Amino acid sequence: MAKQLEKSSIGNEDIFQKMANHEQVVFCNDPASGLRAIIAIHDTTLGPALGGTRMYPYASVDEALKDVLRLSEGMTYKCAAAGLDFGGGKAVIIGNPEKDKSPALFRAFGQFVDSLNGRFYTGTDMGTTMDDFVHALKETNFINGIPEQYGGSGDSSIPTSQGVVYALKATNKYLFGSDHLSGKTYAIQGLGKVGYKVAEQLLEAGANLFVTDIHEHVLKSIKEKSKELGGSVTIVKSDEIYSVDADVFVPCALGGVINDETIPRLKVKAIVGSANNQLLSDHHAKLLEEKGILYAPDYIVNAGGLIQVADELYGPNKERVLLKTKEIYRSLLEIFKQADLDCITTVEAANRKCQKTIEDQRNRNSFFTRGRKPKWNIKE
Ligand code: NAD
């Protein structure tokens with residue numbers, strides 16, 4: 001019988017307990033450049049792990065580990081939902097992005113990524129930019145989300161916004177029987193890289209918008225745009241966006257905006273937006289359902305950018321990315337219908353769909369390996 005292992009010396013808890021169902025965690029240490037990073041590979045059933053690298057001044061290694069484990073698991077679901085041949089991974093660099101960056105640090109990080117030999121592909125996330133990854137690119141090819149001037153596919157907010165528009169069409173189809181965007185009213189929170197492009201496409205389709213942002217100039221700009229594109233724009237204060245008389249709420253700014261305080265104020269029939277982690281907690285999906293508000297799970301809606309990043313491995317091609325992004329329409333309709341059939345929330349339906357995709361692939365993998373002979377014939 002295997003000898004009882006002593007508890008890990010990292011933290012009080014056994015490191016393997018913390019890893020839960022993650023495949024691999026790599027601690028990267030390069031004292032010369034000051035690099036301290038953690039790469040977490042959650043699940044590679046569907047393909048090599050894919051996920052951005054976040055740089056943040058974590059208060060402790062434990063905090064960094066918790067974050068990277070949580071984020072890498074989320075990536076497994078995002079990749080499965082988008083039908084990508086990638087699994088979930090993520091990396092965090094412990095440090096202040098304002099003060100602690102250097103070319104040497106990112107080159108050292110690139111070497112660690114390279115050492116995984118294609119098990120992990122990464123790119124920018126909160127606190128890191130492509131200028132940082134240009135240094136990592138000198139050490140490894142396993143980087144994606146590359147700017148056009150370096151031969152990549154460029155701005156991911158373009159497919160993300162297109163994905164949001166397909167999701168809005170699917171929602172209209174489900175709720176109103178037609179996927180036309182015109183004649184409906186949308187409340188957009190945040191007119192940044194994604195929200196602004198969504199607003200433009202909705203105006204072009206003849207929609208009416210309530211909009212809010214903390215930056216005055218983008219509000220003025222979209223009001224001006226409506227004169228040439230059509231539709232109508234009503235600007236409201238940040239906090240008023242939750243209670244306007246609209247058909248659909250389109251959160252494109254912050255996470256956690258669907259919570260105990262905002263749900264009672266919502267008058268919309270659906271929520272469809274790009275913001276990550278819109279629900280403050282899972283039980284808010286149930287509260288929305290009870291209030292009769294259809295929720296389009298954020299990670300299904302905002303997959304366009306990820307689809308582009310994954311597609312980059314075949315070389316940049318905007319048409320192909322658009323075609324793949326269009327799948328969000330069908331996928332979301334399927335989730336709405338399944339949630340109805342099984343009497344579960346749309347979040348639960350989306351999660352189950354991803355779990356099934358991964359499980360099916362796992363079974364296929366074991367089918368192919370079933371007949372394989374072991375290399376060494378070791379007798380007990
Ligand atoms: P962004 O930073 O360009 O835009 C966010 C906008 O929200 C800004 O204009 C900002 O002024 C505004 N804002 C901030 N706080 C606000 C508030 N309290 N009220 C109203 N407006 C506020 O970001 P983005 O790239 O457009 O992304 C928007 C959301 O979508 C984020 O949650 C992001 O994580 C998510 N997302 C983006 C992509 C992408 O490809 N860019 C992909 C997936 C998910």
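In this report, we go over the structure that sits alongside the text. (Residues numbered from 1 in each chain as written. Predicted model: local features only at pLDDT ≥ 70, side-chain atom pairs only at ≥ 80, totals over all residues. Heavy atoms only, no water.)

## Details of the nonpolar core
Core analysis: the biggest nonpolar cluster contains 84 residues, and Ile-39, Leu-168 and Leu-209 have the highest contact counts within it. In this view, Leu-168 contacts Leu-181, Tyr-186, Val-198, Leu-202, Val-248, Val-250 and Val-272; residues no more than four positions away in its chain are not counted. Among the nonpolar cores identified, the runner-up in size contains 20 residues, and Phe-249, Val-257, Ile-263 and Ile-271 belong to it. (Core = buried A, V, L, I, M, F, W, Y, C linked by side-chain atoms within 4.5 Å. Buried < 20%, exposed > 50% of the residue type's maximum accessible area, 1.4 Å probe, protein only. Contact = heavy atoms within 4.5 Å.)

## Observations regarding the site of the ligand
Around the ligand, the structure places 19 residues, and the nearest of them are Thr-160, Val-194, Asp-213, Ser-274 and Asn-276. Take His-215: an N or O atom from its side chain is 3.0 Å from an oxygen atom of the ligand. Among the elements of the structure, helix H5 (157-176) and helix H6 (193-204) are those that each provide at least two residues to the shell around the ligand. Here the shell around the ligand is built from residues that sort into seven nonpolar, ten polar and two charged. (Near = heavy atom within 4 Å. Polar contact = N/O pair within 3.5 Å; in protein donor to acceptor, adjacent residues only side chain to side chain. Helix = DSSP H or I, 4+ residues; strand = E, 2+ residues; numbered from the N terminus. Nonpolar A, V, L, I, M, F, W, Y, C, P; charged D, E, K, R; others polar.)

## Here's the deal with the pairing of strand S8 (residues 208-212)
Of all five residues that make up S8, four are buried, and the element is covered over most of its length. The sheet contact formed by strand S7 (residues 185-189) and S8 spans five bridges and is parallel. In the strand pairing of S8, Tyr-186 is matched with Leu-209. Crossover connection from S7 via H6 to parallel S8: handedness right-handed. The pairing of S8 with strand S9 (residues 232-235) spans four bridges and is classified as parallel. Residue pairing in the sheet places Val-211 in a bridge with Ile-235 of S9. Of the crossover connections in this fold, the one passing from S8 over helix H7 (residues 216-229) to the parallel S9 is right-handed. (Pairing = 2+ DSSP bridges. Right-handed = clockwise from strand over helix to strand, strands pointing away.)

## Looking at the pairing of strand S2 (residues 35-43)
A regular strand places its side chains so that they alternate between the two faces of the sheet. Where burial is concerned, most of S2 is hidden: eight out of the nine residues are buried. As defined by bridge partners, strand S1 (residues 24-30) adjoins S2 across seven bridges and the pair is classed as antiparallel. Paired with Val-26 across the bridge in S2 is Ile-39. In this antiparallel pair of consecutive strands, S1 and S2, the connection spans four residues, and Gly-34 shows a positive phi of 85°. Direction of pairing for S2 relative to strand S5 (residues 87-94): antiparallel, over a ladder of six bridges.

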